[in-house]
Amino acid sequence: MGSVRNVRRLLKVAVLVGIAAALVGVPLAASANPDVGGFELDGNAASGGANDWNDLGSPLYATGVIVDPTDDADTGYFQGGSKDDLDISSWKWIDGTVTPAKDNIANAYSAVYAEQGNLILYFGQDRALDNRGDANVGFWFLQNPVGLNADGTFSGVHSEGDVLVQSEFTNGGVVSGIRIGKWTGGALQFLPNGAAQCADGKLGAKDACAIVNTGDISTNWAGTITAPYFFEGGLNLTALFPQQIPCFSTFLTNTRTSQATDARLKDFAMGSIDTCASLTITKQATPGDGTQFGYSTTGGLSPATFSLADGGSREYNNLQPSSYSVTEDAPSGGWALGNLSCPTATGPGTSAQVNGATATITLGFVGHVECTYVNKRKPQVKVVKVL
């Protein structure tokens, strides 16, 4: 019996070891978000020591204040198929004043920051003053460009991973019903609630939060805004996309008739945003006779190889934080590499090192590097024989 029990114990140990081995390589659940507080989310625009809308500091990217007309020059959604749960190609627009006034956007803004190893999006809008201050607002962060077609439709379509933050708030300034949605599998899917009203004047450890002003506030762009017509929030992109953050290019904020997912959209304002890195390689050659110089790259750049002549450049956009390299092929035809420099390297964690004909580049959040290769033709000696 003792030998049988020993065999059973060995089998149990073997099973446990096998399970442990199988779990190796399975990612663990993401740890709690850091306590993010570099930008004030306190229902006003004035800085109390950290960044705020009146004093942005040094964001990685900012839209600036996007002014949206509140009179007949305004452009809003045309009633019908314009709903958040439909693709952009189904949306329609029309010129004219948006009514009621509480749904009429006056200004919108967004900014991108790196905080404690996380990429954070901050966003906001203020609306036309009206005695009915309750509203339903949304903020889309889209990967594809979006525009207005002459026939009253929108250009552009959703991409997998587009993000929507929806919120509603009452005339008393209470924010409720904050939801985060992702465009997934051709439809809008809302995530388990990781959002709430902002507390302690910051995003903190939340995935997203929002807040409105409960009294008069002073802004650099619109003067005094009464309550509750100023709305602001934050979104932790790293928490939302722990594997790879999408490259968002368009910021669009809207208002709608209710909190329902399929509520009719009323007004919108949009601008450009950027959440990814970029790299530019430029060529200078003397003399500029059109000679092509070849280059190879590492790190997954596409195309992996390219050629440039004098005055040409190669741009790589929508890059993830990572390491890359660019190397010039050995020149022929009497040409030599005179100089390689990377004078521009911006963004946290971004750097460029030069060694011979190779530029080794590390891109951080929304980092940008520019490198220039300078080539010169070697002097030629011409021997003439005179008889």
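Quick note: structure is the one above.
Note that the structure is a prediction, hence the values are computed from the model and not measured. (Residues numbered from 1 in each chain as written. Predicted model: local features only at pLDDT ≥ 70, side-chain atom pairs only at ≥ 80, totals over all residues. Heavy atoms only, no water.)

S.K.: Teacher, can you tell me more about the side chain of D68 here?
M.R.: Tracing the backbone through its elements, the reader meets D68 in the loop between β2 (66-67) and β3 (75-77). It is R127 that comes nearest to the buried, bridge-free D68 among opposite-charge side chains, at 11 Å. Not counting residues within four places of it along the chain, the set of residues in contact with D68 comprises D74, I105, A106, D267, F268 and A269. (Helix = DSSP H or I, 4+ residues; strand = E, 2+ residues; numbered from the N terminus. Buried < 20%, exposed > 50% of the residue type's maximum accessible area, 1.4 Å probe, protein only. Lys, Arg positive; Asp, Glu negative; His and termini not counted. Salt bridge = Lys/Arg side-chain N within 4 Å of Asp/Glu carboxyl O. Contact = heavy atoms within 4.5 Å.)

S.K.: How do you make sense of the pattern of salt bridges when you look at a structure like this?
M.R.: Any two side chains of opposite charge can pair, on the condition that their charged atoms come close. The full count for this structure, using the stated rule, is five salt bridges. Residues D103 and K266 are paired through a salt bridge, measuring 3.8 Å at the closest nitrogen-oxygen approach. With D103 in the loop between β4 (93-95) and β5 (105-115) and K266 in strand β19 (residues 265-272), this residue pair connects regions lying 163 residues apart in the sequence. The exposure class of D103 is buried, given its relative accessible area of 3%. R377 is paired through a salt bridge with D289; the nearest N and O atoms lie 2.5 Å apart. Of the two residues, R377 is situated in strand β28 (residues 368-377) and D289 in the loop between β20 (277-286) and β21 (293-298); the sequence distance between them amounts to 88 residues. Taking relative accessible area as the criterion, R377 reaches 32% and is therefore assigned partly exposed. By relative accessible area, D289 is classed as partly exposed at 40%. Sharing partners across several salt bridges, the network here consists of K102, D103 and K266.

S.K.: What should I look at first to understand the sheet that holds β20 in this one?
M.R.: Strand pairing in a sheet relies on backbone hydrogen bonds, with the paired strands running either antiparallel or parallel. The sheet built from four strands is open, its strands ordered β23-β20-β28-β25 with mixed pairing. The open sheet terminates on both sides in strands that have one partner only, identified here as β23 (313-319) and β25 (335-346). Strand-to-strand twist in this sheet, taken as the mean axis angle between neighbours without regard to direction, amounts to 10°. Pairing analysis gives nine bridges linking β20 to β28, with the strands arranged parallel. In the sheet register, T282 faces β28, and the bridge partner there is T372. (Pairing = 2+ DSSP bridges. Axes fitted to C-alpha atoms, helices over the stretch in contact; angles between N-to-C directions.)

S.K.: Would you take a moment to explain the sheet that holds strand β26 (residues 351-355) for this structure?
M.R.: Judged by pairing direction, the sheet is antiparallel, and its five strands sit side by side in the order β22-β21-β24-β27-β26 without closing on themselves. Of all the strands in the sheet, just β22 (305-308) and β26 have a single pairing partner and so form its edges. Put simply, the sheet's adjacent strands are angled 20° from each other on average, direction ignored. In the sheet, β21 pairs with β22 via four bridges, with the strands oriented antiparallel.

S.K.: What's the story with the environment of I225 in this structure? I'm lost.
M.R.: Residue placement: I225 occurs in strand β16 (residues 223-225). In sequence terms I225 and L129 are 96 residues apart; their C-alpha atoms lie 8.2 Å from each other.

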